[in-house]
Amino acid sequence: MPRQNSQPTPTDEAATTGPQLLASRSVAGILVHFIAIPTGVVGAGLVYLLARNEFTKQNARNALDWHLTVLGLTVVTFGLLVSYTEGTGQGVADIAVFSPPVSTGIGLLVPLLLAGWGGALVLTVGLGLIAMGKATFGSVWRYPFSLPLVERYGGFVAVDNTWPLSIGAYVVSLPVVFSAVFLGSDEAAVFVVSTVGLIVVLAVLTPLTVAGLYLHGDRDRPQDAAWQPSGVAHLGVPGVVGLLGYAGSRAFTDSLYPFGDGLYVFLAALWVSAVVYLARWWTTAAE
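How each quantity is defined
Residues numbered from 1 in each chain as written. Predicted model: local features only at pLDDT ≥ 70, side-chain atom pairs only at ≥ 80, totals over all residues. Heavy atoms only, no water. Helix = DSSP H or I, 4+ residues; strand = E, 2+ residues; numbered from the N terminus. Contact = heavy atoms within 4.5 Å. Areas by Shrake-Rupley, 256 points an atom, 1.4 Å probe, with all protein chains shown as cover. Axes fitted to C-alpha atoms, helices over the stretch in contact; angles between N-to-C directions. Parallel < 35°, antiparallel > 145°, perpendicular 65-115°, else oblique. Left-handed = near helix turned anticlockwise from the far one by under 90°. Nonpolar A, V, L, I, M, F, W, Y, C, P; charged D, E, K, R; others polar. Salt bridge = Lys/Arg side-chain N within 4 Å of Asp/Glu carboxyl O. Expected span 1.5 Å × (residues − 1). Bend = angle between axes of the 7 residues up to and from the residue. Buried < 20%, exposed > 50% of the residue type's maximum accessible area, 1.4 Å probe, protein only. Core = buried A, V, L, I, M, F, W, Y, C linked by side-chain atoms within 4.5 Å. Polar contact = N/O pair within 3.5 Å; in protein donor to acceptor, adjacent residues only side chain to side chain. Phe/Tyr/Trp six-rings, centres within 6.5 Å; stacked < 30°, edge-to-face > 60°.

*Asks:* Can you help me understand the overall build of the protein in this one?
*Replies:* Check the secondary structure of the protein and you find 9 helices and 0 strands. Start at the N end of the protein and walk to the C end: the helices and strands fall as α-α-α-α-α-α-α-α-α. Restricting the contact set of the protein to residue pairs at least 6 apart, pairs at least 24 apart contribute 73%. Put simply, the protein shows about 17100 Å² of open surface, and 70% of that area lies on carbon and sulfur atoms.

*Asks:* What exactly am I supposed to notice about the packing of helix α3 (residues 54-87) against helix α4 (residues 100-136) here?
*Replies:* When two helices pack together, their arrangement is captured by the angle between the axes and the distance separating the axes. Relative to each other, α3 and α4 sit at 165°, their axes nearing to 9 Å. Between α3 and α4, the angle falls in the class roughly antiparallel. Remark: the crossing between α3 and α4 carries left-handed chirality. Of the residues assigned to the contact of α3 with α4, the class counts are 19 nonpolar, 8 polar and no charged.

*Asks:* Hey, could you run me through the packing of helix α2 (residues 27-50) against α4 in this one?
*Replies:* At their nearest, the axes of α2 and α4 sit 8 Å apart, and the two run at 170° to each other. Comparing their axes, α4 and α2 come out roughly antiparallel. Facing α2, whose interface residues are G29, I30, L31, H33, F34 and I37, α4 presents T124, V125, G128, L129, A131, M132, A135 and T136. Residues that form the contact of α2 with α4 fall into these classes: 9 nonpolar, 5 polar and no charged.

*Asks:* Would you explain the pattern of salt bridges in this entry?
*Replies:* For side chains of opposite charge, pairing can occur when their charged atoms come near one another. A full pass over the atoms with the stated rule returns 2 salt bridges. A salt bridge links D65 to R142, with the shortest nitrogen-to-oxygen separation between them at 3.0 Å. Of this pair, D65 sits in helix α3 while R142 sits in the loop between α4 and α5 (149-153), and the two are 77 residues apart along the sequence. Residue R142 pairs with E151 through a salt bridge whose shortest N-O separation is 3.5 Å.

*Asks:* What should I look at first to understand α4 in this one?
*Replies:* For an α-helix, the turn length of 3.6 residues means that residues three or four places apart are oriented alike. Helix length check: α4, at 37 residues, gives a terminal C-alpha distance of 53 Å against a target of 54 Å (1.5 Å per residue), a fit within 8%. Most pronounced at L123, the bend in α4 amounts to some 25°. Every buried residue belonging to α4 is among S103, I106, V110, L113, A120, T124, L127, G128, A131, M132 and A135, and all of these are buried. Where α4 is buried, its residues contact α2 and α3. At the exit of α4 stands G138, carrying a positive phi of roughly 95°.

*Asks:* Got a minute to help me understand the nonpolar core in this structure?
*Replies:* Most often, soluble globular proteins have nonpolar side chains that are buried together. In terms of nonpolar packing, the biggest core is built from 17 residues, with I167, Y170, L174, V201, L267 and Y277 touching the most fellow members. Elements with a minimum of two residues in this core: α6 (163-183), α7 (188-219) and α9 (258-286). Among all residues touching I167, those that are not within four sequence positions of it are T209, G212, L213, A274, Y277 and L278. Counting 12 residues, the second-largest nonpolar core is a separate cluster that includes A36, A44, L127 and A131.

*Asks:* Whenever I open this one, the environment of H33 confuses me. Can you help?
*Replies:* Tracing the backbone through its elements, the reader meets H33 in helix α2. On the basis of relative accessible area, H33 is assigned to the buried category, the value being 0%. C-alpha separation for the pair H33 and N59, spaced 26 residues apart in sequence, amounts to 7.6 Å. Residue contacts for H33: discarding those within four places in its chain leaves N59, A63, G128, A131, M132, A135 and Y143. There is a polar contact of 2.7 Å between the side chain of H33 and the side chain of Y143.

*Asks:* I keep staring at the environment of T283 and nothing clicks. Help me out?
*Replies:* One can find T283 in helix α9. Overall, T283 belongs to the partly exposed group, its relative accessible area being 40%.

*Asks:* In this structure, what is going on with the packing of aromatic side chains? I would like to understand it.
*Replies:* Each aromatic ring pair is described using two quantities: the centre-to-centre distance and the angle formed by the ring planes. For the coordinates displayed, the defined rule picks out 8 aromatic pairs. Aromatic pair W281 and W282: ring centres 6.3 Å apart, planes at 65°, arrangement edge-to-face. Taking the relative accessible area as the measure of exposure, W281 reaches 24% and is therefore partly exposed. The class of W282 is exposed, set by a relative accessible area of 60%.

*Asks:* Before we go on, may I ask you to explain the side chain of T206 in this structure?
*Replies:* Turning to its location among the elements, T206 is positioned in helix α7. Residue T206 is classed as buried on the basis of its relative accessible area of 9%. With residues up to four places along the chain from it excluded, the contact list for T206 reads Y170, V201, F266, L267 and L270.

As structure tokens, this is what we get:
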């Protein structure tokens, strides 16, 4: 029986590291690991969604897999910690619902999880720098201990047609969060909820809205579509308005935090831009 020639199977750790592979490098593919160290899932996820270059896409996928794994560990660790404090009568409810054996078992598990979570934070810096170094020389390196979540489940998450939903989430959430922050009571519970809401808006919904306005409205829209929105208008105008708000705060007010004032102005301008975008998209889709 004649032998069939088989093609080499590509792996995460590139088997060929010659000039051809070096030529395929990209700046974003190298820097995504550094960007993701402080920004986590949001930074790695945005680079993954925005990437067209395959080298960038693969590096962003590996960084995203790691940070999703760390995020899962974070949720489990602190979810169990809160359950332990509440279930043993040390939390807000002040009602002990765990039996002594359960309390003892969870009490032993929580410190181990906290130690593992702390170690994961240290590894995030070290592994991110290693991955960036390997990407500099053209290799796509998978972080050890990370779960292949994007590769396994990424196909079930179709974001191309759901960007209006993320933009809509920003449109709905921003007025609610602003009302809680500026008009809410001084009670501790309201303060915590409003602070968490503001963090979610700043760290998650705002970057997703910016990415959605660009991807859904500018980059990936068919050239023959009935409506061709301008990315410069929907993203550039809020940026300019935010800078003017910052400059005005510094020049005409005694604010101690003009950057924050400019940021709030930018968020409000982006909200108006998102509302206009959704209204135009909705009316065009209905035609």
